[in-house]
Amino acid sequence: GDSVTQMEGPVTLSEEAFLTINCTYTATGYPSLFWYVQYPGEGLQLLLKATKADDKGSNKGFEATYRKETTSFHLEKGSVQVSDSAVYFCALSDPYTGGFKTIFGAGTRLFVKA
Amino acid sequence: GAGVSQTPSNKVTEKGKYVELRCDPISGHTALYWYRQSLGQGPEFLIYFQGTGAADDSGLPNDRFFAVRPEGSVSTLKIQRTERGDSAVYLCASSLTETSRETQYFGPGTRLLVL
């Protein structure tokens, strides 16, 4: 069945460093891809999404490009801030084969040091 | 405006007991989802409602788990004969309509601990 694999954390970076969190997926259909973020003490929030191949989702300086050829959706940010410290979840949803499920990766915890 | 709210925020119970977890979706949202998040894992889909009906309950792990949404707004997740393995954070999410189901807004979750 459909699945999402993302890099294990924690990832520890200094402020202003470049961030990449890898995410790959397995899907039988044509899924939409998402990155969610969970800040300490808060609920999951949608960070960005892409609904078809070669789409780029972006928000708050974060970007991810839907790469069908490599089945990847890596999250990047050029210059992280302490306030970006959170857990990041890669996810997919395929209404044509997965119904209404959103399938999440295990999450990657990011620590940003001042 | 108000987001998705869940009560209680924490629930401690004993093995074998019955628990109810409540979700108040964003006003006007017709789609409602329940997920379960175990420690160190991503959320796992349980059930989806469109209006009052459960459109997909394939994620419910067994018949001890049941959810209702009688008036198409508030939903209650019910767990009978709780087991220690049910300990997790239970998340609720809502989206405006079925066509926008891909944008889900999550509540803060209910942390359930079964002793």
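Residues numbered from 1 in each chain as written. Chains lettered and ligands numbered in written order. Predicted model: local features only at pLDDT ≥ 70, side-chain atom pairs only at ≥ 80, totals over all residues. Heavy atoms only, no water.

> I'd like a rundown of the pattern of salt bridges, residues and numbers included.
Residues and elements named next belong to chain B. One pass over the structure, following the stated rule, counts 7 salt bridges over all chains. A salt bridge links arginine 22 to aspartate 24; the shortest N-O distance between them is 2.8 Å. For arginine 22, a relative accessible area of 38% gives the class partly exposed. Residue class for aspartate 24 comes out partly exposed when judged on its relative accessible area of 21%. When the shortest N-O distance is used, the salt bridge between glutamate 83 and arginine 64 registers 3.5 Å. One end of the pair, glutamate 83, is in the loop between β8 (75-79) and β9 (88-95); the other, arginine 64, is in the loop between β6 (53-56) and β7 (65-68), and 19 residues separate them in sequence. Accessibility expressed as a relative area gives 39% for glutamate 83, which makes it partly exposed. Each of Arg64, Glu83 and Asp86 takes part in salt bridges that share partners, so that together they form one network. (Salt bridge = Lys/Arg side-chain N within 4 Å of Asp/Glu carboxyl O. Buried < 20%, exposed > 50% of the residue type's maximum accessible area, 1.4 Å probe, protein only. Helix = DSSP H or I, 4+ residues; strand = E, 2+ residues; numbered from the N terminus.)

> Pulling in residues and values, what's your account of the state of the cysteines?
Throughout the structure, instances matching the rule amount to 2 disulfides over all chains. Two residues share a disulfide in this structure: A:Cys23 and A:Cys90, whose sulfurs sit 1.9 Å from each other. Taking the sign of the S-S torsion, about -70° here, the bridge from A:Cys23 to A:Cys90 comes out left-handed. Taken together, the residues A:Cys23 in strand β4 (residues 23-26) and A:Cys90 in strand β10 (residues 86-93) connect sequence positions 67 residues apart. Side by side, A:Cys23 and A:Cys90 carry an identical accessibility label, which is buried. In this model B:Cys23 forms its disulfide with B:Cys92; the gap between the sulfur atoms is 1.8 Å. As the torsion about the S-S bond is roughly -65°, the B:Cys23-B:Cys92 disulfide counts as left-handed. Of the two residues, B:Cys23 sits in strand β3 (residues 19-24) while B:Cys92 sits in strand β9, which places them 69 residues apart along the sequence. (Disulfide = S-S within 2.5 Å.)

> Break down the sheet that holds strand β9 (residues 75-77) of chain A for me, citing the residues and quoting the values.
Residue and element names in this part refer to chain A. With antiparallel pairing, the 4 strands of this open sheet are ordered in space as β3-β9-β8-β7. The open sheet has two edge strands with one neighbour each: β3 (19-21) and β7 (56-59). Averaged over all pairs of adjacent strands, the angle between strand axes in this sheet comes to 15°, irrespective of strand direction. Of the pairings in the sheet, the one linking β7 to strand β8 (residues 62-65) comprises 4 bridges and is antiparallel in character. Following the sheet pairing, glycine 57 is matched in β8 by alanine 64. (Pairing = 2+ DSSP bridges. Axes fitted to C-alpha atoms, helices over the stretch in contact; angles between N-to-C directions.)

> Quick one: what's the story with the sheet that holds β8(B), residue by residue and with numbers?
In sheet architecture, strand pairing relies on hydrogen bonds along the backbone and comes in two forms, parallel and antiparallel. All names here are of chain B. Reading across from one edge, β1-β3-β8-β7 is the order of the 4 strands in this open sheet, with antiparallel pairing throughout. In this open sheet, the two strands that pair with only one neighbour each are β1 (5-7) and β7. Neighbour-to-neighbour, the strand axes of the sheet open up by a mean angle of 15°, direction not taken into account. Pairing of β3 with β8 involves 5 bridges; the strand directions are antiparallel. The residue of β8 that forms the bridge with cysteine 23 is serine 75.

> Give me the lowdown on the pairing of β7(B), citing residues and values where you can.
Residues and elements named next belong to chain B. Only one face of β7 is buried: it carries Phe65 and Ala67, and the other face, with Phe66 and Val68, is open. Taken together, the 4 bridges between β7 and β8 define a ladder with antiparallel strand orientation. Paired with valine 68 across the two strands is threonine 76, which belongs to β8. Where β7 hands over to β8, the hairpin turn is made up of 6 residues, of which glycine 72 adopts a positive phi near 75°.

> Account for the nonpolar core, naming residues and giving values.
Counting residues in each nonpolar core, the largest one holds 26 residues, and the members touching the most others are A:Leu19, A:Trp35, A:Leu47, A:Leu48, A:Phe73, A:Leu75 and A:Tyr88. Taken together, the elements giving at least two residues each to this core come down to β2 (11-14), β3, β4, β5 (32-38), β6 (44-50), β8, β10 and β12 (108-113) of chain A. Broken down by element, this core gets its largest block of residues, 4 residues, from β10(A). If you look at the next biggest cluster of nonpolar residues, it comprises 20 residues, including B:Val19, B:Leu21, B:Leu60 and B:Phe65. (Core = buried A, V, L, I, M, F, W, Y, C linked by side-chain atoms within 4.5 Å.)

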